[in-house]
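Here's the letter readout for the chains.
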Amino acid sequence: GLNATYHAWGIKASYSSDRNKTYTRRGLKFERKLKNLAYKTLDRTMHHLGHIGRRVDIFKIDCEGCEYKTYKDFLRQDLRQILIEVHDFCYATNDFFQGLHDAGYVIFHKEPNIQWASGNCVEFSFLKLAPEYFHDV
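Residues numbered from 1 in each chain as written. Predicted model: local features only at pLDDT ≥ 70, side-chain atom pairs only at ≥ 80, totals over all residues. Heavy atoms only, no water.

### What about the state of the cysteines?
Counted under the stated rule, the structure contains one disulfide. Each disulfide pairs two cysteine sulfurs, and for Cys63 the partner residue is Cys66, the sulfurs being separated by 2.2 Å. For the disulfide bridge between Cys63 and Cys66, the dihedral angle about the S-S bond is near -110°, and by the sign convention the bridge is left-handed. Note on accessibility: Cys63 and Cys66 belong to one class, buried. (Disulfide = S-S within 2.5 Å. Buried < 20%, exposed > 50% of the residue type's maximum accessible area, 1.4 Å probe, protein only.)

### Things to note about the side chain of Thr41
One can find Thr41 in strand S2 (residues 39-41). Engagement of the side chain of Thr41 in a polar contact is seen with the backbone nitrogen of Arg44, the distance being 3.1 Å. In contact with Thr41, not counting residues within four places along its chain, are Lys12, Ala13 and Ser14. (Helix = DSSP H or I, 4+ residues; strand = E, 2+ residues; numbered from the N terminus. Polar contact = N/O pair within 3.5 Å; in protein donor to acceptor, adjacent residues only side chain to side chain. Contact = heavy atoms within 4.5 Å.)

### Examining the environment of Gly10
Following the sequence through the fold, Gly10 ends up in strand S1 (residues 10-12). Judged by relative accessible area, Gly10 falls into the buried class, the value being 10%. Taking the C-alpha atoms as reference, Gly10 lies 9.8 Å from Glu64; in sequence the two are 54 residues apart. Aside from chain neighbours lying at most four places away, what touches Gly10 is Leu37, Ala38, Tyr39 and Lys40.

### Points about helix H4 (residues 67-74)
The α-helix advances 3.6 residues per turn, and as a result positions three or four apart in sequence lie on the same side. Of all eight residues making up H4, six are buried, and the element is well covered by its neighbours. What H4 keeps buried is the set Glu67, Tyr68, Thr70, Tyr71, Asp73 and Phe74.

### Focus on the packing of H4 against helix H5 (residues 93-102)
Relative to each other, H4 and H5 sit at 20°, their axes nearing to 10 Å. Comparing the axis directions of H4 and H5 gives the class roughly parallel. Crossing of H4 against H5: the hand is left-handed. Taken together, the residues of H5 that come into contact with H4 (itself represented by Glu67, Tyr68 and Tyr71) are Thr93, Asp95, Phe96 and Gly99. The class makeup of the residues in the contact of H4 with H5 is three nonpolar, two polar and two charged. (Axes fitted to C-alpha atoms, helices over the stretch in contact; angles between N-to-C directions. Parallel < 35°, antiparallel > 145°, perpendicular 65-115°, else oblique. Left-handed = near helix turned anticlockwise from the far one by under 90°. Nonpolar A, V, L, I, M, F, W, Y, C, P; charged D, E, K, R; others polar.)

### Considerations on the packing of aromatic side chains
The tally for this structure, following the rule as stated, stands at nine aromatic pairs. Measuring from ring centre to ring centre gives 5.2 Å for Phe59 and Phe74, while their planes differ by 65°; the resulting arrangement is edge-to-face. Here Phe59 is found in strand S3 (residues 56-61), whereas its partner Phe74 is found in helix H4, with 15 residues between them in sequence. Side by side, Phe59 and Phe74 carry an identical accessibility label, which is buried. When the centroid spacing of 5.4 Å and the interplanar angle of 80° are considered together, the rings of Tyr71 and Phe96 count as edge-to-face. Note that Tyr71 is positioned in helix H4 and Phe96 in helix H5, a separation of 25 residues in sequence. The exposure class assigned to Phe96 is buried, which follows from its relative accessible area of 0%. In textbook terms, an aromatic cluster arises when at least three aromatic residues are bridged by ring pairs, as seen for Tyr68, Tyr71, Phe96, Phe97, Phe124 and Phe126. (Phe/Tyr/Trp six-rings, centres within 6.5 Å; stacked < 30°, edge-to-face > 60°.)

These figures capture arrangement, not role.
Written as structure tokens, this is what we have:
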């Protein structure tokens, strides 16, 4: 579109994770296919794009299986909405959703990808709420 820019690099985590917990079939398939692609952490990407210290209203990512390996980096940024396609499910799935919840995010939309992944991928939309929302009134 007119107001969108594609950047030819992938996202990698700034921390190590247990490969056995984050393994998905789709992730492994794309890891092999995209092994020669350039990768940057989210922090380096934000720096490269001039977004350090800025609020990002909408963060859309479809990283073909890296979501379980990189989501903790999302939580370190000021991201108001996270739109992400979750691929398959693995041992880290619960940690992924719990981590987002603990950081103040709630799901406001989800939709299975039935066209390309036979329903094994789901688009989730998260909204970051004020901490007061989670307190008993």
